[in-house]
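# Structure at a glance
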Amino acid sequence: MSYPVTYHCPRCEAIVELDREGYLADKSVTPYPLEGWTYVDPDADVEAADGVRFVCGEDGTLRDDDATGCGEPFYLSYVRFEGGEAVDPVPESEYVRLGR
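Below is a summary of the structure that appears in this document. Note that the coordinates shown come from a computational prediction; the quantities given were computed from them, not determined experimentally. (Residues numbered from 1 in each chain as written. Predicted model: local features only at pLDDT ≥ 70, side-chain atom pairs only at ≥ 80, totals over all residues. Heavy atoms only, no water.)

## So, the side chain of Thr61
- Tracing the backbone shows Thr61 in the loop between strand S5 (51-55) and strand S6 (73-78).
- When near neighbours in sequence (up to four residues on either side) are disregarded, Thr61 contacts Ile15, Val16, Glu17, Pro42 and Phe54. (Helix = DSSP H or I, 4+ residues; strand = E, 2+ residues; numbered from the N terminus. Contact = heavy atoms within 4.5 Å.)

Right, here's the structure in full:
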C-alpha cells in the first residue's frame, strides 16, 4: 500500500509529494546526489532505485497547485544496505578551496 509523503526542496522550501510504500527508509534530502546511489524520476519505479531525483516545480510533484518551485534538481536518498549493514555515503572526492 502506498502513502503520500512530502519533502521540502532544500533550495526554495517548496513542498513536493510522492506516493510510495511505507517500508522505504529515508536517509536524506540534498541539493546534490550521493556518490554511489542510483536515482529515478518521480514517475518511475521509485522502489527499484536508491532514491528519487526531483526537479522542483517542473516534474509535476509540487503539493500546491499555486506553487512554482525553483526549477533546480534535488535528491531524496533512501537508506542503502550492503551485507546487512547500512551504507554511509562517500564524501565528495574533490574539495573547493576558497580564496581569502
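Following the structure, the description resumes.
## Describing the environment of Leu34
- Among the structural elements, Leu34 can be located in the loop between strand S3 (26-30) and strand S4 (39-40).
- With relative accessibility at 11%, the residue Leu34 sits in the buried group.
- Sequence-wise, Leu34 and Asp50 are 16 residues apart; in three dimensions their C-alpha atoms are separated by 9.6 Å.
- Here Leu34 is in contact with Lys27, Ser28, Tyr39, Ser77 and Pro89, once residues within four sequence places are set aside. (Buried < 20%, exposed > 50% of the residue type's maximum accessible area, 1.4 Å probe, protein only.)

## Structural notes on the environment of Cys12
- With respect to the secondary-structure elements, Cys12 resides in the loop between strand S1 (2-8) and strand S2 (15-21).
- As for Cys12 and Thr68, which are separated by 56 residues in sequence, their C-alpha atoms are 9.9 Å apart.
- Every residue in contact with Cys12, bar those within four places of it in the chain, is listed here: Cys56, Gly69 and Cys70.

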